[in-house]
Structures are given as C-alpha cells and as structure tokens.
Amino acid sequence: MDTQLNVQDLISVGIFTAFYYLVFFIAAMFGFIPILFVLMPLYLPIIAGIPFMLFLTKVKKFWMVTIMSIIVGTLFFATGHTWISLVVAVVCGLFADTIFKAGQYKSFGHSVIGYCVFSLWLLGGMLPLWIMRDSYFTYIRDMMGDEYTNAIISMTPTWMLLIMIIMCVIGSIIGAYLGKSVLKKHFKRAGIL
Amino acid sequence: MQNVGVKQYFKLDPRTKLLLMFFINVTIFNVSNRYVIVVMTAIPIFLLLVSRKIKASLCWILIYTILMAVNIHFVPTTNGFQSVLLAAINMFFRMMPGFIMGYYLISTTTVSEFLAAMEKIRVPQSIRIPMAVMFRFFPTISEESKAISSAMQMRGITFASRRTLKNPMVMIEYRMIPLLMSIVKIGEELSAASLTRGLGNSVKRTNICKIGFHLQDMVLLLLASITFIGFFIY
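Just so we're clear, the structure is a prediction, and the values are computed from it rather than from any experiment.

Q: Whenever I open this one, the overall build of chain A confuses me. Can you help?
A: Looking only at helices and strands, chain A features 9 helices and 0 strands. Looking at the 193 residues of chain A, the share that counts as buried comes to 58%. Excluding contacts between residues fewer than 6 apart, the proportion of contacts in chain A whose partners are at least 24 apart in sequence is 75%.

Laid out in structure tokens, this is it:
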C-alpha cells in the first residue's frame, strides 16, 4: 500500500475536515443553552461519529487524522480560543493516528479507541479553567471578589475534568457504533464505500 | 473568508494578523489586570473601524459593553446555581478580545491571500491543500444543505415537526446522510478537476496575490511587541 498522502487524499481530508468543523460549529451553537454547554463533550462525538467513520474508510494513511486535527485546532485558535487547544488537538490527532495505524485502519476496535482519543481535543477549549487555574482565578478574584471566586472554585474541582473526559469517551463510543451502523445501512448500499 | 476581491483601504499582511492574534491570545490568558484586557479588546475593534467595518465594530462594542456590565454588576452578587450560568458568561467575556480578533482575521482576509501567507511561512503542502479545499467547501456544503432541507420539508422533516420530535435521529438520518453522500461525490469530481489542472505537480506554484509587510504592519507589530513585553515585565 502506498503510504504517502497524494493529492486526492489531501482533498478528501479537506472535505471531511470542512464537514466535521461545520457539524462541530452547529452543535456548539446549541451549547449556548447552559445545560447543553456542559453536556457538549457527550453529544458532539455522537453526531460527528458518522462523518468521522466515513472519513476513516476513505483515506487509510498515516497523518490523515493529524492533519485534520491541526487544521481544526488552527481554526479554533484563529477564532479566539487559546493556543492550548491547538496543542491539545495536535497531540490527540497524533495519538489517534498511531492507534488507527496499529489497527491498519481496518480493525473496528482500534477505530473506536482512536476516535475516543481524537474526540478528547474538544476539551482543549475548556482546559484553561484547570491548567491555568491560578492566573484565571487571580483574575476573577480581582474582578469579582472572594465569595464568587470560592463558589466557582468549589464548583469546578479537578474531578469535573475527569467527568468531562468520561463523558467524551462514552459519547465517542456511541458515535463510533452509530457511524458503523449507518455506514452499513446506507453507504455500503449506495456504493460509496 | 470571502473569495471575491473586496477593495480595502487599510490592509494588513495575513501574517501580521496571525501574530497579533497570538499576542492577544497569550495576553488575555496570562494577565489578570482588567485595564489590559480592555486595551486588548480595543486593538481589534480599532482595526475593524479602520478597515471600514463600522457596523460590525459597533455591534462588537455593544456586546462587549453589555457583557462587561453583567460581569461587574451581577456576577459578584449571585451564588449557587445562578453563578454557574454566569460563569459561562464570564468565560465568554474573557475570550471576547480573541473572538473579535478572529472575526477581523476572517472577515478581512481572502482565501488566496491566506494561502499565499501560508506558503510564505513554509507551511507544508499537505496542510495547505486541505485548508484551501476546506474554505472552498464551506459555501458548497451550505448550498447542498439548503437544497436537502427544502426537499425534506416536503416530507415533513423539519426541526419542529412531529416526526422529528418523536425521534430526533430522523434529523440525522434524513439530513446528514444525503449531505455526506453528495459532498463525497462533489469531492471526487473536485479532485479529478484539480489533478487535470496540475495540483499534483511537484513544481512550485505561483500565486496572484501580492502580500508583504508595509508600514502599517511594522508600526502595529512594533507597538504590539512593546506592550506584550511590557506586560510581562510589569
């Protein structure tokens, strides 16, 4: 198998990245409803599972997921998120690629695990709340006073991050299975695979 | 980003915009002084004003003022569940300078300018091509999506119809899958078309866009780096 990405592959990567980003964008719009904002790591990987599983059947070469995550991370950065989310995205993409590669881009088990790892990049946007905890809370304390700051600190303990990660993993597993069933039901029949 | 060349009176190099973005991004998440943040918001709004995007900049000023008022007056007096909601507002408020800068970056840069800049900073082809394809595809996807949406309306599948409320998965199955299929097909055609036009060639490609650093870039970058270094020493 040719392991170098050729132009067709790069174009496919571009198309699926566009689709993935739009799905993400629309889903994030619903995130303005505060409850859904917290649930976003859960429902987003479910919706994005279908295009991602289709993407995996299309290219099947190392770097493809990494390029996708670099672009998504750059777009995230260019629209005003922290550079942390870019770094997280690239690291997640690279790990996911390694896992997919280990499964030869065929094994479904590897796809599920890889998709979970890839989806973790979503948390990059919220990570400053935990990583830059000190500077973030100094800022809030300056502005809002002690009582409010303590309330926020008690509401976002470190285990909250753990819950986010677990939600993300569960969402990805559901999304991967959904994607697999949809591929079987629709795309194989239509001859797209 | 737009494709059509809009005449601009005040033009910055895309690389300058990206660098300013970086400065603002790093500053708003490391400095906790309220006045610094306001200055950081003023930079992109000023840039929007001088590039004659007056309506947009007024909108941003309004949004920013409202958020700031909510932040100063309501947030310290709440507790319990309300403050969870307001924490989201606070987070949003804090990221605001970045959002405005992002809006400026995207609304005033054309796709080919952006690609020319990417080539100048030696971003490899394997990232440039997908990016170009992606920007080209956003309008295509929304067109296709509109067509599918109107077709599905005839069958009674909209956001608020009884059928979708009963089973939200219908929405994904009837809207997303046809869209994915048509997008994949269009993509195949696009790659055939661009291969015949020599995209796979290994020769260095030329670009019609002229970008470069001018006086305004120098001034802005100088100011930005001075303030940036100043904040960190201070």
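Picking up where we left off.
Q: What's the story with the overall build of chain B in this structure? I'm lost.
A: Secondary structure assignment for chain B yields 9 helices and 0 strands. Helices (α) and strands (β) of chain B occur, in sequence order from the N terminus, as α-α-α-α-α-α-α-α-α. Out of the 234 residues in chain B, the part that is buried amounts to 46%. Within chain B, counting contacts between residues at least 6 apart in sequence, those at least 24 apart form 75% of the total. Carbon together with sulfur atoms contributes 67% to the accessible area of chain B, which is approximately 12,900 Å² in total.

Q: Just to check I follow, could you spell out the UniProt feature "transmembrane region" (unreviewed entry) in chain A for this structure?
A: Taken from the UniProt record, the annotation "transmembrane region" (unreviewed entry) applies to residues 20-50, 84-100, 112-131 and 151-179 of chain A. As annotated, residues 84-100 of chain A has a helix share of 100% and a strand share of 0%, and its two end C-alpha atoms lie 24 Å apart.

Q: I tried to follow the pattern of salt bridges on my own but got confused; where do I start?
A: Two side chains carrying opposite charge are able to pair once their charged atoms lie near each other. All chains considered together, the criterion is met by 5 salt bridges over all chains. K185 of chain A is the salt-bridge partner of E173 of chain B, the closest N and O atoms lying 2.5 Å from each other. Separated into two different chains, E173 of chain B in helix α8 (residues 169-196) and K185 of chain A in helix α9 (residues 158-190) make up a pair that spans both. Assessed through its relative accessible area of 26%, E173 of chain B is described here as partly exposed. Accessibility expressed as a relative area gives 41% for K185 of chain A, which makes it partly exposed. D13 of chain B is the partner of R15 of chain B in a salt bridge, and the nearest nitrogen-oxygen pair spans 3.0 Å. Taken as a pair, R15 of chain B and D13 of chain B share a single burial class, namely buried.

Q: Is there a simple way to explain the state of the cysteines in this structure?
A: Two cysteines joined by a covalent bond between their sulfur atoms form a disulfide. All names here are of chain A. What the rule picks out here adds up to 0 disulfides over all chains. Note on C116: no disulfide assigned, nearest cysteine sulfur contributed by C168 at a separation of 7.7 Å. Judged by its relative accessible area of 9%, C116 falls in the buried class.

Q: How do you make sense of the nonpolar core when you look at a structure like this?
A: Generally speaking, a soluble globular protein has its nonpolar side chains buried in company with each other. Ranked by size, the top nonpolar core spans 90 residues in total, and within it F52, F55, F118, W121 and F187 of chain A together with F137 of chain B carry the most contacts. Here this core takes 13 residues from helix α1 (residues 7-30) of chain A, the largest share from any one element. With sequence-adjacent residues up to four places away left out, F137 of chain B is seen in contact with I15 and A18 of chain A together with I183, I186, G187 and L190 of chain B. Grouped together as the second largest cluster of nonpolar side chains are 30 residues, I28, I45, Y64 and L220 of chain B included.

Q: What exactly am I supposed to notice about empty space enclosed by the protein here?
A: A probe matching the size of a water molecule, rolled over the atoms, marks out where space remains unfilled. Residues and elements named next belong to chain B. A full pass over the atoms with the stated rule returns 2 cavities of 30 Å³ or more. Approximately 40 Å³ is the volume found for the second largest cavity. In terms of lining residues, the second largest cavity is bounded by L20, F23, I24, T27, M40, I43, A224, T227 and F228. Counting residues per element, the ones that place at least two in the lining of the second largest cavity are α1 (14-30), α2 (34-50) and α9 (215-233). Among the elements that line the lining of the second largest cavity, the one with the most residues is α1, at 4 residues. Considered class by class, the residues forming the lining of the second largest cavity number 7 nonpolar, 2 polar and no charged.

Q: Explanation requested: the UniProt feature "transmembrane region" (unreviewed entry) in chain B in the structure shown.
A: As annotated in UniProt, the feature "transmembrane region" (unreviewed entry) corresponds to residues 20-50, 57-75, 81-106 and 211-233 of chain B in the numbering used here. From the first C-alpha to the last, residues 211-233 of chain B spans 33 Å; its make-up is 83% helix and 0% strand.

Q: Any chance you could explain the layout of surface pockets here in plain terms?
A: Residue and element names in this part refer to chain B. Of the volumes computed, that of the second largest pocket is approximately 1,000 Å³. When residues in the lining of the second largest pocket are grouped by element, the largest group, 7 residues, is from helix α6 (residues 125-154). Residues of the lining of the second largest pocket, tallied by class, amount to 21 nonpolar, 4 polar and 2 charged.

Q: Looking at this structure, I do not really get the packing of α1 of chain A against α8 of chain B. What am I missing?
A: Packed helices, taken two at a time, are described by the angle between their axes plus the distance between the axes. It is at 9 Å that the axes of α1 of chain A and α8 of chain B come closest, and there the two elements cross at 150 degrees. Regarding the angle of α1 of chain A to α8 of chain B, the classification is roughly antiparallel. At the point where α1 of chain A passes α8 of chain B, the crossing takes the right-handed sense. Along its contact with α1 of chain A, which presents V7, Q8, I11, I15, F16, F19 and V23 of chain A, the element α8 of chain B presents M176, L179, L180, I183, V184, G187, L190, S191, S194 and L195 of chain B. When its residues are assigned to classes, the contact of α1 of chain A with α8 of chain B shows 13 nonpolar, 4 polar and no charged.

Q: So what exactly am I meant to see when it comes to the side chain of K61 of chain A here?
A: Structurally, K61 of chain A is set in the loop between α2 (34-58) and α3 (64-78). A distance of 2.6 Å separates polar atoms of two side chains, one belonging to K61 of chain A and the other to D9 of chain A.

Q: Explain helix α5 (residues 111-120) of chain B to me, please; I cannot follow it from the model alone.
A: Think of an α-helix as turning once every 3.6 residues; residues three or four places apart then point the same way. All names here are of chain B. By the criterion of burial, α5 is predominantly enclosed, with 7 of the 10 residues buried. Of the positions making up α5, those classed as buried are V111, E113, F114, L115, A116, A117 and M118. Looking one or two places after α5, you find R122, whose phi comes out positive at around 60 degrees.

Conventions and cut-offs
- Residues numbered from 1 in each chain as written.
- Chains lettered and ligands numbered in written order.
- Predicted model: local features only at pLDDT ≥ 70, side-chain atom pairs only at ≥ 80, totals over all residues.
- Heavy atoms only, no water.
- Helix = DSSP H or I, 4+ residues; strand = E, 2+ residues; numbered from the N terminus.
- Buried < 20%, exposed > 50% of the residue type's maximum accessible area, 1.4 Å probe, protein only.
- Contact = heavy atoms within 4.5 Å.
- Areas by Shrake-Rupley, 256 points an atom, 1.4 Å probe, with all protein chains shown as cover.
- UniProt positions renumbered as here; feature names shortened; annotations may be inferred.
- Salt bridge = Lys/Arg side-chain N within 4 Å of Asp/Glu carboxyl O.
- Disulfide = S-S within 2.5 Å.
- Core = buried A, V, L, I, M, F, W, Y, C linked by side-chain atoms within 4.5 Å.
- 1 Å grid on protein atoms, 1.4 Å probe; cavity = no way out; pocket = protein on both sides within 12 Å on 5 of 7 lines; lining within 4 Å.
- Points joined across faces, edges and corners; volume = space filled by probe spheres on them.
- Nonpolar A, V, L, I, M, F, W, Y, C, P; charged D, E, K, R; others polar.
- Axes fitted to C-alpha atoms, helices over the stretch in contact; angles between N-to-C directions.
- Parallel < 35°, antiparallel > 145°, perpendicular 65-115°, else oblique.
- Left-handed = near helix turned anticlockwise from the far one by under 90°.
- Polar contact = N/O pair within 3.5 Å; in protein donor to acceptor, adjacent residues only side chain to side chain.

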